[in-house]
Amino acid sequence: MCNLKEQYYLIEPAMEDEEAMKLLFTKWKDFGGRMNPGLLKRYNNDYRKWLQCIEDWHKGVNIGENVPQTLFFLKNREGTILGATSLRHYLNHTNIVDGGHVAYGICPQYRGCGYGKLILDLALKKLSEMGIEKTLVTCDTDNIGSQKVILYNGGVLENQTYDEDGISINRYWIDN
Ligand SMILES: CC(C)(COP(=O)(O)OP(=O)(O)OC[C@H]1O[C@@H](n2cnc3c(N)ncnc32)[C@H](O)[C@@H]1OP(=O)(O)O)[C@@H](O)C(=O)NCCC(=O)NCCS
């Protein structure tokens, strides 16, 4: 299952991903745990509607005070979706504390193969293309897997703080 010699890329969701997204959502939900990026959780069995929602977030339409963000799937050369990442276009008073520039997750069945490290690496390259030179990444203090992914990609811990639910989070900066 693990084959990091393949080619991988980030690509925005498209109509052709409908079946794959259905499968991803069901498997992830059955597995339980964090579904990250949060935009995945907005899927509600209507793929067309979800795609519109993703497009709105990309354009900053109907998102209230939130910061626009762009969602990408991580795919291999066969087009299998291995995970997803969402890139926030800038920091505001909320995500500078918790959330940062980037959220990512690997589908439960593909974890432990190095894809977590890979998806953050590819996300940092995209952020750099967007003109962001210093990336803020945050994660729950108890999320050891994510901490390892961040440190592997050059994360430097700035501090530990608490989110609005009182959960301890670590804040890291990475020079792109
Ligand atoms: C965190 C996550 C992205 C890691 O993905 P992954 O593909 O398993 O990561 P990798 O295979 O690249 O592993 C990176 C390192 O973390 C370790 N690791 C992964 N999951 C772990 C876990 N649950 N507990 C402890 N260590 C873990 C790996 O062993 C590896 O360690 P190493 O560098 O010493 O070899 C994945 O577990 C996930 O999607 N979690 C749910 C969403 C989430 O928490 N996203 C991050 C939000 S900030």
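Scroll up to find the structure this text is about.
Chemist: Would you take a moment to explain helix 3 (residues 115–129) for this structure?
Modeler: The periodicity of an α-helix, 3.6 residues per turn, causes residues three or four places apart in sequence to face the same way. End to end, helix 3 covers 21 Å across 15 residues, agreeing with the expected 21 Å (1.5 Å per residue, within 8%). Tyr-115, Gly-116, Leu-118, Ile-119, Leu-120, Leu-122, Ala-123, Leu-124 and Leu-127 are the residues of helix 3 that are buried. Two residues or fewer after helix 3 comes Gly-131, characterised by a positive phi angle close to 95°.

Chemist: It is not clear to me how the nonpolar core should be interpreted in this structure. Could you clarify?
Modeler: Across soluble globular proteins, nonpolar side chains have a tendency to be buried as a group. Counting residues in hydrophobic clusters, the biggest one holds 46 residues, and the most contacted among them are Met-21, Leu-40, Trp-50, Phe-73, Leu-74 and Tyr-115. Ranked by the residues each element gives to this core, the list is headed by helix 3, at 8 residues.

Chemist: Would you mind going over the packing of aromatic side chains with me for this structure?
Modeler: Any pair of aromatic rings gets described here by the distance separating the centres and the angle formed by the planes. Throughout the structure, instances matching the rule amount to 5 aromatic pairs. For Lys-117, the ring lying beneath its charged end belongs to Tyr-152, and the centroid distance is 4.6 Å.

Chemist: What should I look at first to understand the site of the ligand in this one?
Modeler: Surrounding the ligand, one finds 20 residues, the nearest of these being Tyr-104, Ile-106, Gly-114, Lys-117 and Asn-143. Within the backbone of Cys-113, one N or O atom sits 3.3 Å away from an oxygen atom of the ligand. The separation between an oxygen atom of the ligand and a polar side-chain atom of Asn-143 is 2.7 Å. Protein chains shield 70% of the accessible area of the ligand, which is 930 Å² for the free molecule. Taken atom by atom, the bulk of the ligand overlaps the largest pocket. Among the elements of the structure, strand 4 (102–106), helix 3, strand 5 (134–140) and helix 4 (144–152) are those that each provide at least two residues to the shell around the ligand. Per-element tally for the shell around the ligand: the top contributor is helix 4, with 5 residues.

Chemist: Explain the pattern of salt bridges to me, please; I cannot follow it from the model alone.
Modeler: Pairs may arise between side chains of opposite charge once their charged atoms sit close together. This structure, assessed with the given rule, holds 8 salt bridges. The partner of Glu-55 in a salt bridge is Lys-59, with the nearest N and O atoms 3.1 Å apart. Residue Glu-55 and its partner Lys-59 are both found in helix 2 (residues 47–59); the two are separated by 4 residues, about one turn of the helix. Taking the relative accessible area as the measure of exposure, Glu-55 reaches 29% and is therefore partly exposed. Put simply, Arg-171 and Glu-158 hold a salt bridge, and the shortest N to O gap is 2.4 Å. Here Arg-171, found in strand 7 (residues 168–175), pairs with Glu-158, found in strand 6 (residues 156–162); they are 13 residues apart in sequence, far enough to count as distant. You can call Glu-158 partly exposed: its relative accessible area is 47%. Among the charged side chains, a network of salt bridges with common partners joins Arg-34, Asp-140 and Asp-142.

Cut-off values and rules
Within each chain, residues carry numbers counting from 1 in the order of the written sequence. Local features in this predicted model are restricted to residues whose pLDDT is 70 or higher, and side-chain atom pairs enter the listing and the counts only when it is 80 or higher, whereas totals over whole chains, interfaces and linings include all residues. Side-chain measures were taken over the full set of non-hydrogen atoms in the model, leaving aside hydrogen atoms and water. Only DSSP runs of H or I with at least four residues qualify as helices, and only runs of E with at least two residues qualify as strands; both kinds are numbered from the N terminus onward. Helices are assigned an expected span. That span is 1.5 Å times one less than the residue count. A simple rule labels every residue: compare its accessible area, found with a 1.4 Å probe on the protein chains alone, to the largest value its type can have, and call it buried under 20%, exposed over 50%, or partly exposed in between. The nonpolar core is taken to be a set of buried Ala, Val, Leu, Ile, Met, Phe, Trp, Tyr and Cys residues, with the residues joined through side-chain atoms within 4.5 Å. Any two of the Phe, Tyr and Trp rings considered here, Trp counted by its six-membered ring, make a pair once their centres fall within 6.5 Å; the pair's planes then place it as stacked at under 30 degrees, edge-to-face at over 60, or tilted in between. Whether a charge lies above a ring is judged from NZ of Lys or CZ of Arg, which has to be within 6 Å of the ring centre and within 35 degrees of the ring normal. For each residue, the test is whether any non-hydrogen atom lies within 4 Å of the molecule or strand; if one does, the residue is near. Counted as a polar contact is a pair of N or O atoms within 3.5 Å, where, for protein atoms, one must be capable of donating a hydrogen and the other of accepting one, and residues adjacent in sequence contribute only when both atoms are in side chains. Surface exposure here means Shrake-Rupley accessible area, sampled with a 1.4 Å probe, where a residue is shielded only by the protein chains that are shown. Buriedness for pockets is judged along seven lines, at least five of which must meet protein on both sides within 12 Å for an open set on the 1 Å grid over protein atoms alone, while cavities are sets there where a 1.4 Å probe fits but cannot get out, and lining residues have an atom within 4 Å of a point. Criterion for pocket placement: a molecule counts as inside a cavity or pocket if more than half of its atoms are within 2 Å of its grid points. Salt bridges, as used here, are contacts in which a Lys or Arg side-chain nitrogen is within 4 Å of a carboxyl oxygen on Asp or Glu.

Function-wise, these values are silent; they only describe arrangement.
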